[in-house]
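Letter by letter, the chains look like this.
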Amino acid sequence: MTRNWLLPILAGLAVAAVAWHGTLLATPYVLMSAAMKKISSANGNGRANVFGFGEMATADRQPIVRPSPDLVYSSCVFNLSQGPVLVDVAPVPGKYWSVSIFDARTDVAAVRSDRDTGGKPARLALVRKGQVAPKGYDVVQLDHDKGIALMRILLSDPAEYAEVDAIRRKSTCQAVSAK
Amino acid sequence: MKPWLRYSICILLGLAGGAAYAVHQVRSGDLGRQVTNGPWSTNTDNGTADASALSRARVSLFGLLALPAKEAMYFNAHNDSDGAPLSGNCTYIVSGGELEARWWSITLYEGEGWLVKNEANRWSVGGNAPERDAQGNWSFTVSPERAEGLWLPTGQAPKFDLTLRAYHPKGALLNDPANAKLPTIKKERCA
C-alpha cells in the first residue's frame, strides 16, 4: 500500500515545487499587466505610448497600490513592438522629479532624476535589442516589449499643483514612428 | 486504485498546494524585510535583477513601481517601537530627528497599501511639516481623534501601517540602514 503511493507522492512534491516557483515568477508579470491595462485605459482607450497625467492620489483616487499623496504621478504604458519609444521629460525647477522605466517583470531599467540631469530635461530612448535610437537620447535597452514609464514630481505644498501640472504636460512619451 | 489515479491525485494536490503556498507567502509578507531597524523594515534590492522571486512578487503586490534604493528607500512599520501591532484605535507619537535624505515623508496605509478615508483628508506628513526644536527634533500624533499639533488620522482603519519614504538617501540611511537613526513610534493610549 505505502509502496504504491511512494512514487506518486514524490511526483506530487516535485510538481508542488515547480508550481510554487512558477507562481512566484508569474506574480510580478500578472500584477504589472493588470497595472498596464488600468493605466492605458485611463490614459485613453487602452492606447500605449502616451503620457497620462493623473491627479494627486487621495483615499477616493488610488490608481495603484501604496500611492504617495505628496507626489504628482504621470505614467505611460510603452510598447516597443513597432519600434523605439522616446520619453522626453520637462524639468520642474526647484523640485524633486524623476522618471523611471519599469519592464514587464517590474525591474527598473533606468531612472533619471533632476539630480542626474542637473535640472535639464531627461531624454530617454526605450529600445529592444537591434532597434536604433535617434541621436540626442540616452538609450535604455529593455528585455520586454511592454512596461511603464513613471514620472514623479514632489509637491511640498498642494497649492503648487497648478504650476507643476502645467509644466509636466510638456513632457511626452511617443513612438519614434509617431514623431 | 489504479496507478494513474494515484499519480493524478498527487500531481493535482501538488499543483494546487504549491501555488497556494506561494500565494500565501506573498500575501503574508509586506514590502520586504531584508533589513530591520526598530519597528521599520526595508528592502535593498527593489527593482533590481538581484531581487529574489519572492521579494519581487511581494513588492509587486505591496508596492508596485517602487524605486531602487539609490533613488528612494521605503521603510515600512506594522508595529510600534515596543513591537505591538499598530492599531487604528490607539494614539501614537512618531518622533525623530533629521534624516539623511533630500526629502522624506511618512504615509499611513491599510490593507495591501491603501490610503484611509478621514475627516482631515490627510494621508501623510512631509518632512517639511513638523516644527523642529533647537536640536532639530520633531514629532507628530497618529490617532483616530483629532489631536493637537500635527495630526495624522487613522480614520476607521482597524489596523494600519506606516511607510517612511526617503528620497535620495545618503550616509548611513543608504549604506547601513539597519543602524541608521530612524523615527520612533510610541503608543500613548488606546480607546
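What you are looking at is a predicted structure, and each value in this text was computed from that prediction instead of being measured.

1. A short note on the pattern of salt bridges
(1) Moving on: On inspection of all chains with the given rule, the structure shows 17 salt bridges over all chains.
(2) Moving on: The residue A:Arg66 makes a salt bridge to B:Asp161 at a minimum N-O spacing of 2.9 Å. Taken together, the residues A:Arg66 in the loop between β1 (51-53) and β2 (71-79) and B:Asp161 in strand β10 (residues 161-169) connect one chain to another. Like B:Asp161, A:Arg66 is buried.
(3) Moving on: Residues participating in the shared-partner salt-bridge network are A:Arg105, A:Asp107 and B:Arg56.

2. Remarks on the state of the cysteines
Residue and element names in this part refer to chain A.
(1) Moving on: Tallying each qualifying case throughout the model produces two disulfides over all chains.
(2) Moving on: The disulfide partner of Cys76 is Cys173, and the gap between their sulfur atoms is 1.9 Å. Between Cys76 and Cys173 the sulfur-sulfur dihedral comes to about -50 degrees; the bridge is accordingly left-handed. In this pair, Cys76 is assigned in strand β2 and Cys173 in strand β9 (residues 172-175), connecting sequence segments 97 residues apart.

3. Concerning the sheet that holds β2(A)
Residue and element names in this part refer to chain A.
(1) Moving on: The sheet built from five strands is open, its strands ordered β1-β2-β8-β4-β5 with antiparallel pairing. Looking along the sheet, the strands with just one partner apiece sit at the ends: β1 and β5 (108-113). Across the sheet, the mean angle separating the axes of adjacent strands is 15 degrees when strand polarity is ignored.
(2) Moving on: As judged from the seven bridges shared by strand β4 (residues 97-103) and strand β8 (residues 146-154), these two strands associate in the antiparallel manner. For Trp97, the partnering residue across the bridge sits in β8 and is Ile153.
(3) Moving on: Here helix α3 (residues 161-168) sits on the sheet in contact with β1, β2 and β8, set at roughly 20 degrees to β2.

4. Quick word on helix α1 (residues 3-27) of chain B
(1) Moving on: Helix length check: α1(B), at 25 residues, gives a terminal C-alpha distance of 36 Å against a target of 36 Å (1.5 Å per residue), a fit within 8%.
(2) Moving on: The set of residues buried in α1(B) consists of B:Arg6, B:Cys10, B:Gly14, B:Gly18, B:Ala22, B:Gln25 and B:Val26.

5. Some details on the domain arrangement of chain B
(1) Moving on: Assigned domains of chain B: these are domain 1 (1-30) and domain 2 (31-190).
(2) Moving on: The centre of domain 1 of chain B, based on its C-alpha atoms, is set 36 Å off from the matching centre of domain 2 of chain B.

6. Some thoughts on the environment of B:Pro183
Residues and elements named next belong to chain B.
(1) Moving on: Mapped onto the elements of the fold, Pro183 is located in the loop between α3 (171-175) and β11 (184-190).
(2) Moving on: For Pro183, a relative accessible area of 2% gives the class buried.
(3) Moving on: Put simply, Pro183 and Glu98 are 85 residues apart on the chain and 9.2 Å apart in space, counted from C-alpha to C-alpha.
(4) Moving on: Beyond its immediate chain neighbours, meaning those up to four positions away, Pro183 contacts Trp40, Val94, Ser95, Gly96, Leu99, Ile106, Trp138 and Leu164.

7. What about the interface of chain B and chain A?
(1) Moving on: Residue-level contacts link 56 residues of chain B with 52 residues of chain A.
(2) Moving on: Counting each side, the surface lost to burial between chain B and chain A is near 4,500 Å², with a carbon and sulfur contribution of 66%.
(3) Moving on: Connecting chain B to chain A are four salt bridges.
(4) Moving on: The residue A:Asp60 makes a salt bridge to B:Lys117 at a minimum N-O spacing of 2.3 Å.
(5) Moving on: For the pair chain B and chain A, the number of links is 19 residue pairs in polar contact (both at pLDDT 80 or more).
(6) Moving on: Secondary structure elements with two or more residues in the side of chain B that touches chain A: α1, α2 (53-62), β3 (72-77), β5 (101-110), β6 (114-115) and β10 of chain B.
(7) Moving on: In terms of residue count, α1(B) provides more of the side of chain B that touches chain A than any other element does, 14 residues in total.
(8) Moving on: Across the side of chain B that touches chain A, the residue classes tally to 31 nonpolar, 16 polar and nine charged.

8. Considering the UniProt feature "domain: DUF1254" (unreviewed entry) in chain A
(1) Moving on: According to UniProt, the positions carrying the feature "domain: DUF1254" (unreviewed entry) are residues 51-174 of chain A.
(2) Moving on: Here residues 51-174 of chain A runs as 10% helix and 42% strand, with 8 Å between its end C-alpha atoms.

9. Comments concerning the UniProt feature "signal peptide" (unreviewed entry) in chain B
(1) Moving on: UniProt's entry tags residues 1-22 of chain B with the feature "signal peptide" (unreviewed entry), counted in the numbering of this structure.
(2) Moving on: Between the end C-alpha atoms of residues 1-22 of chain B the distance is 31 Å, and the span holds 91% helix and 0% strand.

10. Regarding the pairing of β5(A)
Residue and element names in this part refer to chain A.
(1) Moving on: Alignment of β4 against β5, held across five bridges, turns out to be antiparallel. Looking at β5, one finds that Phe102 is bridged to Val108.
(2) Moving on: In sequence, β4 turns back onto β5 through a hairpin of four residues, with Thr106 there showing a positive phi of about 85 degrees.

11. Focus on the sheet that holds strand β9 (residues 151-153) of chain B
Strands belonging to one sheet form pairs held by backbone hydrogen bonds; the direction of such a pair is parallel or antiparallel.
All names here are of chain B.
(1) Moving on: The strand order β9-β8-β4-β11 describes an open sheet built from four strands, whose pairing is mixed. One side of each edge strand has no neighbouring strand; the edge strands of this open sheet are β9 and β11. Across the sheet, the axes of successive neighbouring strands diverge by a mean angle of 25 degrees, strand direction being ignored.
(2) Moving on: Bridge count for strand β4 (residues 90-96) against β11 is six bridges, and the pairing is antiparallel.

Cut-offs applied
- Residues numbered from 1 in each chain as written.
- Chains lettered and ligands numbered in written order.
- Predicted model: local features only at pLDDT ≥ 70, side-chain atom pairs only at ≥ 80, totals over all residues.
- Heavy atoms only, no water.
- Salt bridge = Lys/Arg side-chain N within 4 Å of Asp/Glu carboxyl O.
- Helix = DSSP H or I, 4+ residues; strand = E, 2+ residues; numbered from the N terminus.
- Buried < 20%, exposed > 50% of the residue type's maximum accessible area, 1.4 Å probe, protein only.
- Disulfide = S-S within 2.5 Å.
- Pairing = 2+ DSSP bridges.
- Axes fitted to C-alpha atoms, helices over the stretch in contact; angles between N-to-C directions.
- Contact = heavy atoms within 4.5 Å.
- Expected span 1.5 Å × (residues − 1).
- Domains from an automatic or database assignment.
- Buried area = accessible area lost by both parts, 1.4 Å probe.
- Polar contact = N/O pair within 3.5 Å; in protein donor to acceptor, adjacent residues only side chain to side chain.
- Nonpolar A, V, L, I, M, F, W, Y, C, P; charged D, E, K, R; others polar.
- UniProt positions renumbered as here; feature names shortened; annotations may be inferred.

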